[in-house]
Amino acid sequence: MMENQLTKLNIFSLKGVQMKTFHITWLMFFVCFFGWFGLAPLMPTIRAELHLTKGQVGNCIIASVSATIIARLFIGKLCDVWGPRKTAIRLLLIGSLPVFLVGLAHSYTTFLLFRLAIGVIGASFVITQFHTSMMFAPKLKGTANAITGGWGNLGGGVTNMIMPIIFAAIVGFGYTKAEAWRYAMIVPGVMMLIIAFLYWKYTKDTPNGNYDEVGYNVGKSTKTDWSVLADWRIWALTIGYAMCFGMELTFDNVASLHFVDSFHLSQSAAGFWAGIFGFMNLFARALGGIISDKVGGKFGMRGKGLLLAGVLFLEGIGLILFAQAGSLVVAIITMLTFALFLKMSNGATYGIVPFINSKNVGLVSGIVGAGGNFGGMMFGFLFKSDSITYVQAFTYIGFIVIGVSVIILITRFQKTPVVEERFSTPLAGGVI
């Protein structure tokens, strides 16, 4: 499968199936993120219309990220069996249904169930990382994956900015607010169908063709090596990813509500500032991955581990400062600070993951990746508590992140032998 993989990455190119796939797959994750978190910036309106309590809002947040944990554990295997192209198309078509139909929710229970169902499309990240790995040579896989992952995550920022505008436009046409948030969700649903067509039309599973054309699965073992679960380093990375990507998911969900409640912003203004957080993905995740590669080249795996511990520590400090912000200006500055280190931590984590176990890269990636969503789910319990304010929740999480950075610091990461084996099959049977 090394044949015809790209050895250079020109992000402005659409030449060849490799670069078409590169751009379509990050755009697929971007659009899925748009649908996944499209409701988040509209929650002030939804909360009022459905008369949701703080605990019920928290349950919706938890539901939106918990379904993704299970979905990621299955979608990687489907990529291996069906191929990333068929898997993406089917996920987009099926996943668009709850996005379109969430407007039918008129009670807390039905809204919660739709949020749970929509969470499945968060597994699109798996496909993006899997498919990108098929298209690029070993020396570029990390950088290419960091860019597609980061640009896909950018959808979480754009949706915070755009959905309130779409909502306001619909209200401007004479619809009520209760109708407007429902109709607004049709937009990401349509976008998902468009991307499904582009995926079908312009991508292939591998640079040489689709799985059934190149005999990808012929004679291939599908047995899973669960012995990797005994490796502490995997669990250290899983906890670390829960602190960064888990916090990112949580912040995408609660940022608008926090800015409305704490600084009395309008829904549109709150969505804009929450969107700035997501826009950091334009470069910050890739920056973490690139620096990790550079540090690794000079100081080895120990250097990669120290980098991850450092950016997690700074993320924790930034979160505590953000929680204590007494004005909107200070809140924005501290938000950008912890956002930078949080997203760099995402990239730095996956600068280590592929080297932990060269024969089980996919499985290791899946465990660590699911850890991110598990972190988002657990943080959601803090934000649903009636006895804990959002400010207190951010503070507690900040200290937890600092504690985990110490765990990463004392964990001895080292490269396993025959690392190049990981490049013969991209993330086989696993998820990210």
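Residues numbered from 1 in each chain as written. Predicted model: local features only at pLDDT ≥ 70, side-chain atom pairs only at ≥ 80, totals over all residues. Heavy atoms only, no water.

**Concerning the overall build of the protein chain**
For the protein chain, the helix and strand inventory stands at 16 helices and 0 strands. Along the first, second and third principal axes, the C-alpha set of the protein chain runs to 55 × 45 × 40 Å. Relative to its 432 residues, the protein chain shows a buried fraction of 61%. Element-wise, carbon and sulfur atoms account for 69% of the exposed surface of the protein chain, whose accessible area totals about 16,300 Å². Mean positive and mean negative side-chain charge positions of the protein chain (31 and 17 charges, respectively) differ by 5 Å. (Helix = DSSP H or I, 4+ residues; strand = E, 2+ residues; numbered from the N terminus. Buried < 20%, exposed > 50% of the residue type's maximum accessible area, 1.4 Å probe, protein only. Areas by Shrake-Rupley, 256 points an atom, 1.4 Å probe, with all protein chains shown as cover. Lys, Arg positive; Asp, Glu negative; His and termini not counted. Charge placed at Lys NZ, Arg CZ, Asp CG, Glu CD.)

**Section: the pattern of salt bridges**
Per the stated rule, a full pass over the model turns up 6 salt bridges. Between Arg233 and Asp231 there is a salt bridge, and its shortest N-O distance comes to 2.6 Å. The exposure class assigned to Arg233 is buried, which follows from its relative accessible area of 11%. Across the pair Glu248 and Lys343 runs a salt bridge, and its minimum N-O distance is 3.0 Å. Placement of the pair is Glu248 in helix 11 (residues 232-263) and Lys343 in helix 14 (residues 328-349), with a sequence separation of 95 residues. For the pair formed by Glu248 and Lys343, the shared burial category is buried. (Salt bridge = Lys/Arg side-chain N within 4 Å of Asp/Glu carboxyl O.)

**A word on the packing of aromatic side chains**
Taken as a whole and assessed by the stated rule, the structure comprises 28 aromatic pairs. With a centroid separation of 5.8 Å and 55° between ring planes, the pair formed by Phe251 and Phe394 is classed as tilted. Taken together, the residues span a long stretch of sequence, with Phe251 in helix 11 and Phe394 in helix 16 (residues 390-410) at a distance of 143 residues. Residue Phe251 is classed as buried on the basis of its relative accessible area, which comes to 1%. (Phe/Tyr/Trp six-rings, centres within 6.5 Å; stacked < 30°, edge-to-face > 60°.)

**Things to note about the nonpolar core**
With 135 residues, the main nonpolar core has Ile46, Phe111, Phe251, Phe259 and Phe394 as its most contacted residues. Other than its neighbours up to four places away in sequence, Phe259 contacts His264, Leu265, Ala270, Trp273, Ala274, Phe322, Leu328, Ala331, Ile332 and Met335. (Core = buried A, V, L, I, M, F, W, Y, C linked by side-chain atoms within 4.5 Å. Contact = heavy atoms within 4.5 Å.)

**Observations regarding the environment of Phe33**
With respect to the secondary-structure elements, Phe33 resides in helix 1 (residues 16-36). It is 9.2 Å that separates the C-alpha atoms of Phe33 and Pro188, two residues lying 155 residues apart in sequence. Leave out the neighbours within four places in its chain, and Phe33 touches Gly38, Gly152, Asn153, Gly155, Gly156, Leu249 and Asp252.

**Things to note about the side chain of Asn153**
Residue position: Asn153 is located in helix 7 (residues 138-172). Once residues within four sequence positions are removed from consideration, Asn153 is found in contact with Phe29, Phe33, Phe245, Glu248, Asn281 and Arg285.

**Things to note about helix 9 (residues 186-202)**
In this model helix 9 runs 25 Å from its N-terminal to its C-terminal C-alpha over 17 residues, within 8% of the 24 Å that 1.5 Å per residue would give. For helix 9, every residue scored as buried is listed here: Pro188, Gly189, Met192, Ile195, Ala196 and Tyr199. Looking straight down helix 9, one finds that the buried residues subtend no more than 120° of arc, so they occupy a single side. If you follow the buried residues of helix 9, they end up packed against helix 1, helix 4 (84-101), helix 6 (124-135), helix 7 and helix 8 (177-184). (Expected span 1.5 Å × (residues − 1). Arc of directions from axis to C-beta.)

**Quick look at the environment of Gly318**
Relative to the helices and strands, Gly318 is located in helix 13 (residues 284-323). Each C-alpha atom of the pair Gly318 and Met163 lies 27 Å from the other, and the pair is 155 residues apart in sequence.

**Concerning the packing of helix 8 against helix 9**
Viewed as axis vectors pointing N to C, helix 8 and helix 9 meet at an angle of 10°, and their least axial separation amounts to 5 Å. The angle between helix 8 and helix 9 falls in the class roughly parallel. Counting all contacts with helix 8, which are made through Arg182, Tyr183 and Ala184, the residues of helix 9 involved are Ile186, Val187 and Pro188. Its residues assigned to classes, the contact of helix 8 with helix 9 shows 5 nonpolar, no polar and 1 charged. (Axes fitted to C-alpha atoms, helices over the stretch in contact; angles between N-to-C directions. Parallel < 35°, antiparallel > 145°, perpendicular 65-115°, else oblique. Nonpolar A, V, L, I, M, F, W, Y, C, P; charged D, E, K, R; others polar.)

**Side note on the confidence of the model for the protein chain**
With 92% of its residues at a pLDDT of 70 or more, the protein chain shows a mean pLDDT of 89. The low-confidence segment residues 418-432 (pLDDT under 50) makes 57 contacts with residues lying over four places distant or belonging to another chain. (pLDDT = per-residue confidence, 0-100.)

**What to know about a nonpolar patch on the surface**
The grouping of Phe173, Tyr175, Tyr183, Ile186, Val190 and Ile194 at the surface amounts to a nonpolar patch, some 610 Å² of accessible area in total. Structurally, the position occupied by Tyr175 is in the loop between helix 7 and helix 8. For Tyr175, a relative accessible area of 39% puts it in the partly exposed group. (Patch = residues over 30% accessible without salt bridge, like charges linked within 9 Å, V, L, I, M, F, W, Y side chains within 5 Å.)

**Considerations on the packing of helix 2 (residues 43-50) against helix 11**
In the contact formed by helix 2 and helix 11, the axes pass within 9 Å of each other and the chain directions differ by 80°. Taken together, the axes of helix 2 and helix 11 are roughly perpendicular relative to one another. When helix 2 is examined against helix 11, the residues Met43, Pro44 and Arg47 are found in contact with a partner set consisting of Leu257, Val260 and Asp261. Among the residues making up the contact of helix 2 with helix 11, the classes are represented as 4 nonpolar, no polar and 2 charged.

**Regarding helix 7**
The end-to-end C-alpha separation of helix 7 is 51 Å, in line with the 51 Å expected for 35 residues at 1.5 Å each. Its maximal kink placed at Val158, helix 7 deviates by approximately 35°. With 27 of 35 residues buried, helix 7 is to be regarded as a mostly interior element. The positive-phi residue at the C-terminal boundary of helix 7 is Gly174, with phi of around 105°. (Bend = angle between axes of the 7 residues up to and from the residue.)

**Description of the side chain of Ser13**
By the element assignment, Ser13 lies in the segment before helix 1. On the accessibility criterion, Ser13 (15% relative accessible area) is buried. Among the polar contacts made by the side chain of Ser13, one reaches the main-chain amide nitrogen of Lys15 at a distance of 3.0 Å. Beyond its immediate stretch of four places on either side in the chain, Ser13 contacts Met19 and His23. (Polar contact = N/O pair within 3.5 Å; in protein donor to acceptor, adjacent residues only side chain to side chain.)

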